[in-house]
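Close look at the chain arrangement
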Amino acid sequence: MSATDQEYPPGWLTRFRQGVIAGVGLLLIALGCCVIPTFLAWLMPGADTTPALSALKAAALVLLAGAHGGVVLAGTEVTLAPLLVTVLLGWLVAGHARKQDSWSGFAGLTVGYGAASAVLAGWSRLGSTHAPVLRSTLAALLFVLAVGASARSAEHLWVRLPARWQQVSRAAALVVAGYLAAGALLSAGMLLAHFSDAVALQRQLAPGAAGLPVALLGIAATPNAALAGVSYLTGPGFDVGAHTSVSAFSVSSGRLPVFPLLAGLPDQRPAAWIGSLVIVGLALLAGWAVQRTLSAARSWQHRLADCAAVAGIAGATLAVLTGLAAGSLGPGALRGIGAAWWAVGLAATLLVLPAAALWLGVELVRARFAEQPRPGLYALASQPSQPSQPFEEGEEPDSDEPEPVVEAPVRSRTAS
């Protein structure tokens, strides 16, 4: 190859254009993932009910709602986002952001996805149901910027973190994962306990295969239900509209929309001591996990500071997730659905920190008692070892005992 035929790496403008194309492709891939369940819902009742283009537009509206852009449903503004779609979209965005070999390519990815979202929002109008173009575009840009930049920077930042902060981050992630798992188990258990009511609501809305769209919406909202369980297990509880509030200490029931997933709401609160025991028990389990993750070689002051950092990071993460899961289904009685993000974050912090400090105190007390010497050993060591009985004539001493050493007399120079 001659010098004139030498290939040069692409410039920032070329990478930007490639990123724009990748952003448009990312939106098409995400739209395809949403189209599959919507077309299943369209095919089940029969293809002669609505045109196939309506199913495609419905998938576009669900995708735009997953990025927290909101939709206007039959003239009513809806800001509650199905978090399962948000999780899927975040996974796709993170993967495409890592594939970009430069920040100029990532900037192109963001611009391409935002522009394609604006076009999709303008195209996906179904009568009075539509996605606001400006809000959908801004939400898409912010979503790709936040998720993609975090995915690109996470690996480099993790390597540069000190070992102490890596342990703190692992412990905080473990606490968040534990609370999410507990919330998911609680929500699933409550839904199974009221399964007959959920089936009755499903048949009331649309019997048979015609109820597939409602079932798909319920599946898409399962992470929202799991985070509602987290708010229940941390104490603040959650609201479903203006007249229904659920927590471990009080339950007030009002008019609810006919939706099968809401059948798992408790009818009455448990005993106060049971709710307190569950909340405190889960916090103690989280504190024990924190102590098992953090290093035991540091002083107790540094370990207590690490516990405070873990509790703060875990509380902030749960607050952000709770805020993403909240929203509204319209004005009036269905305006507020979800939990207060600041209350969940503060409650999680104030629960995990004392629990971790308690386990730290238990570990310090155990270590103090383990370091105390046994008094019997010192008493035996201080006594001289003498034979209990004198040796008889002709008896030799035990070979294990050392023989006495007799020092030779020192001769003086003057005497010699």
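Note that the structure is predicted; figures quoted are calculated from it, not measured. (Residues numbered from 1 in each chain as written. Predicted model: local features only at pLDDT ≥ 70, side-chain atom pairs only at ≥ 80, totals over all residues. Heavy atoms only, no water.)

Before going further, it helps to examine the confidence of the model for the chain. On average, the chain scores 83 in pLDDT, and the residues at 70 or more come to 83%. Scored below 50 in pLDDT, residues 377–383 makes one contact in the model with residues more than four places away or belonging to other chains. In the model, residues 410–416 has pLDDT below 50 throughout and makes one contact with residues more than four positions away in sequence or in other chains. (pLDDT = per-residue confidence, 0-100. Contact = heavy atoms within 4.5 Å.)

Position of Ser-124 among the secondary structure elements: in the loop between α4 (103–123) and α5 (133–160). A polar atom in the side chain of Ser-124 sits 3.0 Å from the backbone oxygen of Leu-120. (Helix = DSSP H or I, 4+ residues; strand = E, 2+ residues; numbered from the N terminus. Polar contact = N/O pair within 3.5 Å; in protein donor to acceptor, adjacent residues only side chain to side chain.)

A few words on the layout of surface pockets. Here the second largest pocket defines a volume of roughly 790 Å³. Lining the second largest pocket are 26 residues, and of these Val-147, Ser-150, Thr-317, Val-320 and Leu-321 sit closest to its centre. Listed by contribution, the elements that provide at least two residues to the lining of the second largest pocket are α3 (83–99), α5, α6 (163–193), α9 (222–234) and α11 (300–325). At nine residues, the largest contribution of residues to the lining of the second largest pocket is made by α5. (1 Å grid on protein atoms, 1.4 Å probe; cavity = no way out; pocket = protein on both sides within 12 Å on 5 of 7 lines; lining within 4 Å. Points joined across faces, edges and corners; volume = space filled by probe spheres on them.)

Before going further, it helps to spend a moment on the sheet that holds strand β3 (residues 238–240). Strand pairing in a sheet takes place through backbone hydrogen bonds and is either antiparallel or parallel in direction. Read from one edge of the open sheet, four strands run β5-β4-β3-β6, paired in antiparallel fashion. With one partner strand each, in any of the chains shown, β5 (251–252) and β6 (337–338) form the two edges of the open sheet. By the bridge criterion, two bridges tie β3 to strand β4 (residues 245–246) in an arrangement that is antiparallel. Bridge pairing in β4 links Asp-239 to Ser-245. (Pairing = 2+ DSSP bridges.)

Here we take up the pattern of salt bridges. A side chain with one charge may pair with a side chain of the opposite charge, provided their charged atoms come close. One pass over the structure, following the stated rule, counts four salt bridges. We note a salt bridge from Asp-101 to Arg-15, for which the minimum N-O separation is 4.0 Å. Taken together, the residues Asp-101 in the loop between α3 and α4 and Arg-15 in helix α1 (residues 12–43) connect sequence positions 86 residues apart. By relative accessible area, which is 55% here, Asp-101 ends up exposed. One salt bridge connects Glu-363 with Arg-303, and the closest N-O pair in it is separated by 2.9 Å. One end of the pair, Glu-363, is in helix α12 (residues 341–371); the other, Arg-303, is in helix α11, and 60 residues separate them in sequence. Arg-303 sits in the buried class, given a relative accessible area of 5%. (Salt bridge = Lys/Arg side-chain N within 4 Å of Asp/Glu carboxyl O. Buried < 20%, exposed > 50% of the residue type's maximum accessible area, 1.4 Å probe, protein only.)

Its 32 residues give α1 an end-to-end C-alpha distance of 46 Å, which sits within 8% of 46 Å, the value for a rise of 1.5 Å per residue. Of all the bends in α1, the greatest reaches close to 30° and is centred on Val-35; the proline Pro-37 follows between one and four positions later. (Expected span 1.5 Å × (residues − 1). Bend = angle between axes of the 7 residues up to and from the residue.)

Packing of α1 against α4 leaves a shortest axis separation of 6 Å and a crossing angle of 45°. The orientation of α1 with respect to α4, classified from their angle, is oblique. Between α1 and α4 the crossing geometry is right-handed. For the pair formed by α1 and α4, the contact residues are Trp-12, Arg-15, Phe-16, Gly-19, Val-20, Ala-22, Gly-23, Val-24, Leu-26, Leu-27 and Leu-31 on the first element and Ser-104, Gly-105, Ala-107, Gly-108, Leu-109, Val-111, Gly-112, Tyr-113, Ala-116, Ser-117 and Leu-120 on the second. Of the residues in the contact of α1 with α4, the class split is 14 nonpolar, seven polar and one charged. (Axes fitted to C-alpha atoms, helices over the stretch in contact; angles between N-to-C directions. Parallel < 35°, antiparallel > 145°, perpendicular 65-115°, else oblique. Left-handed = near helix turned anticlockwise from the far one by under 90°. Nonpolar A, V, L, I, M, F, W, Y, C, P; charged D, E, K, R; others polar.)

The subject of this paragraph is the packing of aromatic side chains. By the definition in use, this model includes one aromatic pair. Ring geometry for Trp-103 and Phe-106: centres 5.6 Å apart, planes at 85°, overall edge-to-face. Here Phe-106 and Trp-103 lie together in helix α4, a separation of three residues that amounts to about one turn. Taking the relative accessible area as the measure of exposure, Phe-106 reaches 4% and is therefore buried. Sitting above the plane of the Trp-123 ring, Lys-57 keeps its charged end 5.5 Å from the centroid. A cation over a ring is seen here: Arg-152 above Trp-103, with NZ or CZ 4.5 Å from the ring centre. (Phe/Tyr/Trp six-rings, centres within 6.5 Å; stacked < 30°, edge-to-face > 60°. Lys NZ or Arg CZ within 6 Å of the ring centre and 35° of its normal.)

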